[in-house]
Amino acid sequence: MKKFLNIALPKGRLGEKVYDMFERAGYDCASIKENSRKLIFENEDLGIRFFWVKPSDVAIYVERGAADIGVAGKDILLEYSPEVYELLDLNVGKCSMAVAGKKNFVDDRTKTLRVATKFVNIAKNYYSSIGRDIDIIALNGSIELAPILDLSDVIVDIVETGSTLKENNLEVIEKFVPISARLIANKSSFKFKTEIIEDITAKLAEIVG
Ligand code: PRP
């Protein structure tokens, strides 16, 4: 049986953009564009196999070797620190990790700051780097509700267009890490499938410019 190079792509709009980059790089798989619920697509001639994965799960597939390479957001890489190689900044899916709060929020430094977030490690690292004591409130979504309902003082979350904050009368206090999609590789795959992984990386790098 032929050994495929397994590529995990983040399901959704970003993944479609990333697939187009692979296609332009010469690593295509026409059947992926057929409208279906299928999750796996192969190009036997090229020896590659794409699969759609929930964006936040890509790093797990790659770390454990179920995928040889994949595309994951820098937010996920910072939050979970998976044991993978980060090969290339694809310069898409660009957004920022930011602290946000109610308009005119003033930090009372005599009190512990209550921070609601999905990104517990990123928030802890950020506040420890500026020496601020915090109480983390770990949520799974709709983070913007927390300051409105006084569950937290601020949130740490991804800001892309800023419209979610705006529509909830919140504003950015500080953007502290730029985020974008990264090409990542499983460490042992990189050792044993170096040639094809390096070729894909080089061709994608040309497209990124
Ligand atoms: C992210 C983030 C914000 C929103 C920001 O959520 O948590 O809610 O996007 O984008 P904007 O600045 O363009 O409004 P996402 O849509 O990824 O959904 P999730 O909460 O399920 O992760």
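This text goes with the structure placed above it.
These numbers come from a predicted model, not from an experiment. (Residues numbered from 1 in each chain as written. Predicted model: local features only at pLDDT ≥ 70, side-chain atom pairs only at ≥ 80, totals over all residues. Heavy atoms only, no water.)

(A) Structural view of the site of the ligand. Near the ligand, the surroundings consist of Lys118, Glu144, Asp157, Ile158, Val159, Glu160, Thr161, Gly162, Ser163 and Thr164. The side chain of aspartate 157 places a nitrogen or oxygen atom 2.7 Å from an oxygen atom of the ligand. Contact between the ligand and threonine 164: an oxygen atom at 2.4 Å from a side-chain N or O atom of the residue. For the ligand, the protein covers 59% of the area, taking 500 Å² as the surface of the free molecule. Mapped by element, the contributors of at least two residues to the shell around the ligand are strand E9 (154-159) and helix H6 (163-167). The element contributing the most residues to the shell around the ligand is E9, with 3 residues. For the shell around the ligand, the residue count by class is 2 nonpolar, 4 polar and 4 charged. (Near = heavy atom within 4 Å. Polar contact = N/O pair within 3.5 Å; in protein donor to acceptor, adjacent residues only side chain to side chain. Areas by Shrake-Rupley, 256 points an atom, 1.4 Å probe, with all protein chains shown as cover. Helix = DSSP H or I, 4+ residues; strand = E, 2+ residues; numbered from the N terminus. Nonpolar A, V, L, I, M, F, W, Y, C, P; charged D, E, K, R; others polar.)

(B) Quick peek at the side chain of threonine 117. Note on placement: threonine 117 falls in strand E7 (residues 113-117). Looking at threonine 117, the relative accessible area reads 0%, which means it is buried. At 2.8 Å, the side chain of threonine 117 and the backbone nitrogen of phenylalanine 119 are in polar contact. Non-local contacts of threonine 117, meaning those with residues more than four positions away in its chain, are made with Ala123, Ile136, Ile137, Ala138, Leu139, Ile143 and Val156. (Buried < 20%, exposed > 50% of the residue type's maximum accessible area, 1.4 Å probe, protein only. Contact = heavy atoms within 4.5 Å.)

(C) Up close: the packing of aromatic side chains. Scanning the entire structure with this criterion turns up 6 aromatic pairs. Both rings, one in tyrosine 19 and one in phenylalanine 50, keep their centres 5.4 Å apart while their planes meet at 85 degrees; by these two values the pair is edge-to-face. Taken together, the positions of tyrosine 19 in helix H1 (residues 13-24) and phenylalanine 50 in strand E3 (residues 48-53) put the pair 31 residues apart, joining distant regions of the chain. With respect to class, tyrosine 19 is no different from phenylalanine 50; both count as buried. Judged by centre distance (3.9 Å) and plane angle (15 degrees), the ring pair of tyrosine 126 and phenylalanine 176 falls under stacked. (Phe/Tyr/Trp six-rings, centres within 6.5 Å; stacked < 30°, edge-to-face > 60°.)

(D) Structural context of the nonpolar core. In this structure, Leu9, Phe22, Phe50, Ile69 and Leu204 are the most contacted members of the largest nonpolar core, which totals 26 residues. Elements with a contribution of two residues or more to this core: strand E1 (5-10), H1, E3, strand E4 (69-73), strand E11 (181-186) and helix H8 (194-208). Ranked by residue count, the leading element in this core is H1, at 4 residues. Contacts of phenylalanine 22, omitting those with residues within four sequence positions, involve Ile7, Leu9, Tyr27, Asp28, Phe50, Ile69, Val71, Leu183, Ile200 and Leu204. One finds Met97, Val99, Tyr127 and Val154 within the second-largest nonpolar core, a separate group that totals 14 residues. (Core = buried A, V, L, I, M, F, W, Y, C linked by side-chain atoms within 4.5 Å.)

(E) Spatial organisation of the environment of glutamate 171. Position of glutamate 171 among the secondary structure elements: in strand E10 (residues 170-179). For glutamate 171, a relative accessible area of 33% gives the class partly exposed. On a C-alpha basis, the gap between glutamate 171 and asparagine 35 in space is 38 Å, while along the polypeptide they are 136 residues apart. Beyond its immediate chain neighbours, meaning those up to four positions away, glutamate 171 contacts Val99, Ala100, Gly101, Lys103, Asn104 and Leu165.

(F) Geometry of H8. With 15 residues, H8 should cover 21 Å at 1.5 Å per step; its first-to-last C-alpha distance of 21 Å lies within 8% of that length. Taken together, the buried positions of H8 are Ile197, Ile200, Thr201 and Leu204. Projected down its long axis, H8 shows its buried positions confined to an angular sector of 100 degrees, all on one face. More than 90 degrees from the buried face of H8, the exposed residues found are Glu195 and Glu206. (Expected span 1.5 Å × (residues − 1). Arc of directions from axis to C-beta.)

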